[in-house]
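Listed below are the residues making up each chain.
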Amino acid sequence: NGKHFVAIHGFMPAKATLFDHRCKPIYDFGSGPRNTVQWSPFSRFLILGGFGNLPGDIEFFDKKADGKCKLMGKVRAACTVNCTWAPDGRHLITSTTSPRLRVDNGFKVFHYNGDMVYEEKVDVLLEVAFGPSAPGAYEDRPASPDKIRKAGAAAGGAHGGGGGSAGGSGGGKAYVPPHLKNAKGKAGSSSGRFSLAYDKKEEAPGKIKAFVPSVKKNNLPPGAELATSKSASKNAKRRAKKKAQQQQQEEAGGSEGAMAAAAAAKEAEEALARAALEEEEKKKAQPVAAEGAKKVRNLEKKLRQIQQLKEKPAEALTPEQKAKLATEADIKKEIEALKAQL
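Residues numbered from 1 in each chain as written. Predicted model: local features only at pLDDT ≥ 70, side-chain atom pairs only at ≥ 80, totals over all residues. Heavy atoms only, no water.

Section: the environment of Leu325
Going by this rule: Per the convention used, a helix needs a DSSP run of H or I reaching at least four residues, while a strand needs a run of E reaching at least two, with both numbered from the N terminus. Note on contacts: a residue pair qualifies if any of its non-hydrogen atoms lie within 4.5 Å across the two residues.
Relative to the helices and strands, Leu325 resides in helix α5 (residues 319-326). Separated by 20 residues in sequence, Leu325 and Gln305 place their C-alpha atoms 9.2 Å apart. Among residues more than four places away in sequence, those in contact with Leu325 are Ile306, Leu309, Lys310 and Leu317.

Following this line, the structure appears as C-alpha cells:
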C-alpha cells in the first residue's frame, strides 16, 4: 500500500528493518540468511527468504497496525528459484525451474503461516504462477485464530537457532568439525556456537523505540563555542581579571596587600573604561571625518571647474558661469576650514 518498506542490509547474516514512508525505522527483524522480501497483495503478511546461494529459509510475518511484526512460521524451501504470493494474499508458491536448475524441478504451495498445503515434482518446469483474478475478488482478512495458536507453538524457538523447522535435528549436540574432535580445551565447544546464519550477539528482534536526543542549553554541536559580541567578551575579561585579583588578595592577605590589589583593580577598571570611551569616540568620529573628506573633494572639483572657466574668453561666459567664478574665494576658505577640522 506504499506506507511501509523493508530493507535487507549488511553482510551475512544480513539484517532486515521495517521502515515507514518517511524512512523512519519501526521494526528490527534481526539477522539471518536472507536476501529476499515479498509482501502479500494486501500488505498484511510478508516473507523474508534466502534463495540462490542461501539454503532457502523462509520466515512468515504478520505486520500489526502498531508496526510490530509477529513471526508466524519458518520453513525451508531448498533450491527455490521463484517465490510469489497468491492473489488472495493467503498462499505463497515457490518453484524450482529450468534452466536455472535442471534437477529437482517442481513447486510448493504454503499457507501464510508456513504450513505446506501442496507439493508437486516435475521433470522439466519452466514457469509456475497463479492465474489472474478480477479486481475485488478477494478481501483483506486477518490471520485465523487457529493458525495464530499453531504459529505461537511452532515459532517459539525459530529465531536464533538456525534449525527450527528448517530440517535440522533441533536437539542433540553441537556440530564439531573433524579436525577439532580430538582437540582439548575450549576449541571444540566454541566451534559449536559459531553460526553463519544468525548473530547471537545482537539483541532479539523487536519494535524500534523512538530516538529522543539530549537537549543542551546552548544547542550547539560538540566542540563548538558560543559566539559573543565585543562588549560581552570585554565584560567577561573584566570579570575574569577581577576574580583573579580577588584570589591574589586572598592568597596575599594583610591590609597592605589588599589595598594595593584594590588600587590595581581600580586602576585597571579605569583603564578599561578609558579605552572603551576612546574606541566609542573613534567610531563616532569616523563618519564625521568621512563626510568632511567628501565635502573637500566636491569643493576641489568645483575649483577645477572654475579654473577651466578662467581659461575661456570672458565674452563666451554665461551669467551663471560668471557667478560661479565669483565664488572662488569662498570655496578656498571653506576648503581650508574643513582641512583644519580633519
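Back to the text.
Quick notes on the pattern of salt bridges
Just so we agree on the cut-off: Whenever Lys or Arg places a side-chain nitrogen within 4 Å of a carboxyl oxygen from Asp or Glu, that contact is recorded as a salt bridge. Using a 1.4 Å probe on the protein chains alone, a residue whose accessible area is under 20% of its type maximum counts as buried, one over 50% counts as exposed, and one in between counts as partly exposed.
Applying the stated rule across the entire model yields ten salt bridges. Salt-bridge contacts for Arg76 lead to Asp57; the nearest nitrogen and oxygen are separated by 2.6 Å. In this pair, Arg76 sits in strand β7 (residues 69-76) while Asp57 sits in strand β6 (residues 57-63), placing the two residues 19 residues apart along the sequence. The exposure class assigned to Arg76 is partly exposed, which follows from its relative accessible area of 33%. By relative accessible area, which is 5% here, Asp57 ends up buried. Taking the shortest distance from any N to any O, the salt bridge between Lys64 and Asp62 comes out at 3.0 Å. Each of Lys310, Glu328 and Lys332 takes part in one network of salt bridges that share partners.

A closer look at the confidence of the model for the protein
Rules: For every residue, the predictor assigns a confidence score, pLDDT, that lies between 0 and 100.
When pLDDT is averaged along the protein, the result is 77, and 74% of the positions lie at 70 or above. Between residues 185-194, whose pLDDT stays under 50, and residues either more than four places distant or in other chains, the model counts ten contacts.

So, the sheet that holds strand β3 (residues 25-32)
Quick reminder of the rule: Should DSSP find at least two bridges between two strands, the strands are regarded as paired.
Pairing within the open sheet is antiparallel, and its four strands lie in the order β1-β2-β3-β12. Each edge of the open sheet carries a strand with a single partner, namely β1 (4-9) and β12 (206-207). As defined by bridge partners, β1 adjoins strand β2 (residues 14-20) across six bridges and the pair is classed as antiparallel. The residue bridging Val6 from the neighbouring strand is Leu18, located in β2.

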